[in-house]
Every structure is written in C-alpha cells, then in structure tokens.
Amino acid sequence: LSSMRYWREFQQHNGISNPLTLQPGVRLKIPLAWLKVQPAPVRVLAVLGEVFVQPAGKEEEDPLLAGALLHIEDAVRSGPKSSATFVFADGSRLLLSANSHLMLDVIRAYGETGMVDSRIRLKNGGLDTDVSLQEGSGSRFEIHTPGAITAVRGTKLRVANDAERQIVNT
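Predicted model, so just to flag it, every value in this text is computed and none were measured.

Caption draft 1: A look at the environment of Val76. Position of Val76 relative to the elements: it lies in strand E6 (residues 75-78). Each C-alpha atom, one on Val76 and one on Glu61, is 8.7 Å from the other, the two residues being 15 residues apart in sequence. Leave out the neighbours within four places in its chain, and Val76 touches Val51, Phe52, Val53, Leu64, Leu70, Phe86, Leu96, Ser100, His101 and Leu102.

If you want it as structure tokens, here you go:
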C-alpha cells in the first residue's frame, strides 16, 4: 500500500472483523488508488543505426545506446534505416521502426503486484509490439496517436502513424 494509514479502511473494505483470525488463502481486495505507484523504466535492448533520445526536461538529443533506461516523458527518434528495441517492466517488447518518433507518457508499476501501466505516444512513424498478457485492473498498454488510441492486454500489434497525411494504421 502507498500508506499504512489505510489499514482500517482495508480491514473494513474486506469485511475483516478480527485480523488475528484471518486464514491463509483468503482473497483480499485492495483498491487500485491505495497501491504504491513507482516509476517503471523502459530498458533499451538494441539499437540499429541512428537513434536519439531527448530526456525529459532537456532540449538536446543524445545518441541512444543499448542498455540505457528510458523514463517518463523521454522522447525517442529514429533516423532512416534505423530501429530500436525496448523492453517494459512487464516483459512487453516494442520495436521502433525507421523514421519514427515516440514519447513515453506513462510508465509505472503498482508495487509488487506485477501490474504495469504503459502509455506511449507515437508522434510519427511505426512500431511493432509484443505485449505481455495484462492482468489486474491497473495493467494497461496503450499507444496514442493523433488519430487513435490503441489499447491491448496481451497480443502482437503493429501501429503506423503518418502525421503529415493524418493516417493511422493498426
């Protein structure tokens, strides 16, 4: 939980009159809003060609390197004949195609629950994903483009956004 102050509400929410009599294996419900939320950096698995990262709050770009960690509001841009592969905290993978530009809008995990909230904004270009099966109400994997929002809970998905012609393909 994000705070121990929830213990009374937690007890009431689950109908526990005496916590000393709680038996192993009893299913407990925890509201999503009570869970500890923490950043879940995205790891760069591979980079081919010229790919750049613009860290949040900076105006200049740096070359993106395999092994680097990306954080919320970092932007990534790939050049011609270039690509980058990323892995998210839940094991989902994303391949950014050549001539593409994306931003990491939300990348967070809910404590030790395994639930990960990943939201990516594809400004231009294309990407391929292999999204791990998402379980729990806090799990999501969304790709936002100017023309559409794609949300999946465990599948392979390809998204392309042509910002100039205002065309989105999934």
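Caption draft 2: Representation of the packing of aromatic side chains. Scanning the entire structure with this criterion turns up one aromatic pair. Here the aromatic rings of Phe88 and Phe141 are separated by 5.2 Å at their centres, their planes lie at 75 degrees, and the arrangement is edge-to-face. Linking Phe88 in the loop between strand E7 (83-87) and strand E8 (93-96) with Phe141 in strand E11 (residues 140-144), this pair joins segments that are 53 residues apart in sequence. A single burial state applies to Phe88 and to Phe141, both of which are buried.

Caption draft 3: Expanded view of the environment of Ile149. Relative to the elements of secondary structure, Ile149 occurs in strand E12 (residues 149-152). Along the backbone, Ile149 and Arg121 are 28 residues apart, and their C-alpha atoms lie at a distance of 9.0 Å. When sequence neighbours within four positions are dropped, the list of residues in contact with Ile149 reads Glu142, Ile143 and His144.

Caption draft 4: Broad picture of the pairing of E11. As paired strands, strand E10 (residues 116-130) and E11 are joined by five bridges and run parallel to one another. Within the sheet, the bridge partner assigned to Arg119 lies in E11 and is Glu142. By the bridge criterion, four bridges tie E11 to E12 in an arrangement that is antiparallel. Residue His144 lies in a different strand from E12, and its bridge partner there is Ile149. Hairpin connection of E11 to E12: four residues between the antiparallel strands.

Caption draft 5: Examining a nonpolar patch on the surface more closely. On the surface, a nonpolar cluster with roughly 220 Å² of combined accessible area is contributed by Leu22, Val26 and Leu28. Structurally, Leu22 can be placed in the loop between helix H1 (7-13) and strand E1 (37-39). When its relative accessible area of 37% is taken as the criterion, Leu22 is described as partly exposed.

Caption draft 6: Structural view of the nonpolar core. The biggest cluster of nonpolar side chains holds 24 residues, and the ones touching the most others in it are Leu64, Leu70, Val76, Phe86, Phe88, Leu94 and Leu102. Elements represented by at least two residues in this core include exactly strand E2 (42-48), strand E3 (51-54), E7, E8, strand E9 (101-110), E10, E11 and strand E13 (156-162). Among residues more than four places away in sequence, those in contact with Phe88 are Val42, Leu94, Leu104, Ile107, Ser118, Ile120 and Phe141.

Caption draft 7: Local environment of the pairing of E9. Counting buried residues along E9, seven of its ten residues qualify, which places the element largely inside the surrounding structure. Bridge count for E1 against E9 is three bridges, and the pairing is antiparallel. Each residue of the ladder has a partner; that of Pro39, found in E9, is Arg108. In the sheet, E6 pairs with E9 via three bridges, with the strands oriented antiparallel. Note that in E9 the partner of Arg77 across the bridge is His101. In this structure, E9 lies alongside E10, joined through eight bridges in antiparallel fashion. Note that in E10 the partner of Met103 across the bridge is Arg121. Between E9 and E10, which follow one another and run antiparallel, lie five residues, and Gly111 among them has a positive phi close to 50 degrees.

Rules used throughout
- Residues numbered from 1 in each chain as written.
- Predicted model: local features only at pLDDT ≥ 70, side-chain atom pairs only at ≥ 80, totals over all residues.
- Heavy atoms only, no water.
- Helix = DSSP H or I, 4+ residues; strand = E, 2+ residues; numbered from the N terminus.
- Contact = heavy atoms within 4.5 Å.
- Phe/Tyr/Trp six-rings, centres within 6.5 Å; stacked < 30°, edge-to-face > 60°.
- Buried < 20%, exposed > 50% of the residue type's maximum accessible area, 1.4 Å probe, protein only.
- Pairing = 2+ DSSP bridges.
- Patch = residues over 30% accessible without salt bridge, like charges linked within 9 Å, V, L, I, M, F, W, Y side chains within 5 Å.
- Areas by Shrake-Rupley, 256 points an atom, 1.4 Å probe, with all protein chains shown as cover.
- Salt bridge = Lys/Arg side-chain N within 4 Å of Asp/Glu carboxyl O.
- Core = buried A, V, L, I, M, F, W, Y, C linked by side-chain atoms within 4.5 Å.

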